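Overview (structure and organization)
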Amino acid sequence: MLTNEQIVGRALDRIGAGYVFGEKVPDIDAAIRRRLAAGEYDDLAGPVLCETVTTHFQDVCPDKHLRLLWTDEPQPLEPEDDDEERAAFLAQLRAENQGIRRVEHVDDNIGLVELRHIATADEGAAAIGAAMRLVAGTCALVLDLRACRGGAPEGAAMWCSYFFRDDQVHLNDIYERSTGVTRQFWTLAHLPAPRYLDRPVYVLTSANTFSGGEDVAYTLQSHGRAVLVGETTRGGAHPTARHAITEHVFVTVPVARTVNSVTGTNWEGVGVVPDVAVPADEALDTALKAVRTRPAQAGSRGS
């Protein structure tokens, strides 16, 4: 059984090896090791230890993905298998309709799509296209991301692509520390359903909207393609790796960072700030009211 010093030390080793902001690693390491030496973690255990260390990580570096976490379910300690992790993620998406919780028409020909996860662009394409076909003839769309807590960057780019005319919009980039490679994300040239053009789009957010959900919200807002209604989101912009330290403790380490093509930055630590700030449970009614009171506009119904 590992001591607290060993648990925290191994977490720091993982952070040192992979954290995307390598220049911040010495400060994180020094601050936590000072607390270790002072005995601050000696009497802590389980979730309390993890919560305390996470708070101290984020005191030095306010990165919402940099965490020491406890799980009641034992975790495998053998080396992580990226293929197995991806397979588990894909299985979850299949079981949850590729993250699409609800698609409907509400009164006054307004479309509503609710997402819980952002699917991958390959396996999720058919379901995403089916959802967008169902709302293709509406006069306005509400995209509900209030309970959307993450997903795939490629899927976020696919969702966003439906709201732009062609493949000429540079959405964002993701820089990965381990390879030094920056990958660009652009709107897609071919989609399995009509694009949703020349009509208003409202995106609903909450304090629980996170990661991939924030990606879609931030990207559409920064490009002026949607009005955000609701609460400021949690603020996690960095693709993250998860490493088991013990059977019940794992550390999450951001290994890459997103850079928006318009703002030159992202939403890490600050969240995505809505254009219309209201409590999350009032966001849908507020957005529907805004749609219904807009002046009538002529426009395309897709392409």
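Per chain, residue numbering runs from 1 following the sequence as it is written. Restriction of local features to residues with pLDDT of at least 70 applies here, the model being predicted, together with a cutoff of 80 or more for giving and counting side-chain atom pairs; totals for whole chains, interfaces and linings are based on all residues. No hydrogens and no water enter the side-chain calculation; it runs on all heavy atoms of the structure.

**Topic: the packing of helix α1 (residues 4-18) against helix α2 (residues 25-37)**
Angle between the axes and distance between the axes are the two parameters that describe a pair of packed helices. It is the contact of α1 with α2, at a shortest axis distance of 10 Å, that shows an interaxial angle of 175 degrees. Judged by the angle between their axes, α1 and α2 are roughly antiparallel. Facing α1, whose interface residues are Asn 4, Glu 5, Val 8, Gly 9, Leu 12, Asp 13, Ile 15 and Gly 16, α2 presents Val 25, Ile 28, Asp 29, Ile 32, Arg 33 and Leu 36. Axis geometry follows a simple rule: fit a line to the C-alpha atoms, using only the stretch in contact for helices, then measure angles between N-to-C directions, giving values from 0 to 180 degrees. Helix and strand assignments come from DSSP, with helices taken as H or I runs of at least 4 residues and strands as E runs of at least 2, each series counted from the N terminus. By definition in this entry, angles of less than 35 degrees are roughly parallel, angles greater than 145 are roughly antiparallel, angles of 65 to 115 are roughly perpendicular, and the rest are oblique. Any two residues whose heavy atoms approach within 4.5 Å are treated as being in contact.

**As for the UniProt feature "domain: Tail specific protease" (unreviewed entry) in the protein chain**
UniProt positions are given in the numbering used here, feature names are shortened, and annotations may be inferred rather than shown by experiment. Within this structure's numbering, the places UniProt gives as "domain: Tail specific protease" (unreviewed entry) are residues 85-279. Taken end to end, residues 85-279 is 21% helix and 30% strand, and its two terminal C-alpha atoms sit 35 Å from one another.

**Comments concerning the sheet that holds strand β9 (residues 240-244)**
We call two strands paired when DSSP finds no fewer than two bridges between them. One open sheet accounts for 3 strands, arranged β1-β10-β9; its pairing is antiparallel. The sheet terminates laterally at β1 (67-70) and β9, the two strands that pair on one side only. For this sheet the average axis-to-axis angle between neighbouring strands, irrespective of direction, equals 25 degrees. The pairing of β9 with strand β10 (residues 249-254) spans 5 bridges and is antiparallel. By the bridge assignment, Ala 241 is partnered in β10 with Val 253. Where α1 meets the sheet, it contacts β1, β9 and β10, and its direction lies at approximately 20 degrees from that of β10. Of the strands in this sheet, β1 and β10 are in contact with helix α3 (residues 46-60), which crosses β1 at around 170 degrees.

**Comments concerning the side chain of Asn 260**
With respect to the secondary-structure elements, Asn 260 resides in strand β11 (residues 256-260). In terms of polar contacts, Asn 260 uses its side chain to reach the backbone amide nitrogen of Thr 263, at 2.9 Å. Leave out the neighbours within four places in its chain, and Asn 260 touches Leu 171, Asn 172, Tyr 218, Thr 219, Ser 222 and Thr 265. The term polar contact refers here to a pair of N or O atoms within 3.5 Å; inside protein, the definition further demands a hydrogen-donor-capable atom paired with an acceptor-capable atom, and it admits residues adjacent in sequence only when both atoms are side-chain atoms.

**Side note on the packing of aromatic side chains**
Two aromatic rings, drawn from Phe, Tyr or Trp (for Trp, its six-membered ring), form a pair once their centres lie within 6.5 Å of each other, and the interplanar angle then sorts them: stacked below 30 degrees, edge-to-face above 60, tilted otherwise. One pass over the full model with this rule turns up 3 aromatic pairs. Aromatic pair Tyr 19 and Phe 21: ring centres 5.8 Å apart, planes at 70 degrees, arrangement edge-to-face. For each residue, the accessible area found with a 1.4 Å probe, counting protein chains only, is set against the maximum for its type, and the residue is called buried under 20%, exposed over 50%, and partly exposed in between. Classification of Tyr 19 by relative accessible area gives buried; the value is 0%. Note on Phe 21: relative accessible area 16%, which makes it buried. In our convention, an over-ring charge means Lys NZ or Arg CZ found within 6 Å of a ring centre and within 35 degrees of that ring's normal. Over the face of the ring belonging to Phe 21 we find Lys 24, whose NZ or CZ atom lies 4.6 Å from the ring centre. A cation sits over an aromatic face here: Arg 234 above Phe 210, 3.9 Å from the ring centre.

**Remarks on the pairing of strand β5 (residues 170-176)**
Among the 7 residues in β5, 5 count as buried, and that is most of the element. In the sheet, β5 pairs with β11 via 5 bridges, with the strands oriented antiparallel. Across the sheet, residue Ile 174 finds its bridge partner in β11, namely Thr 258.

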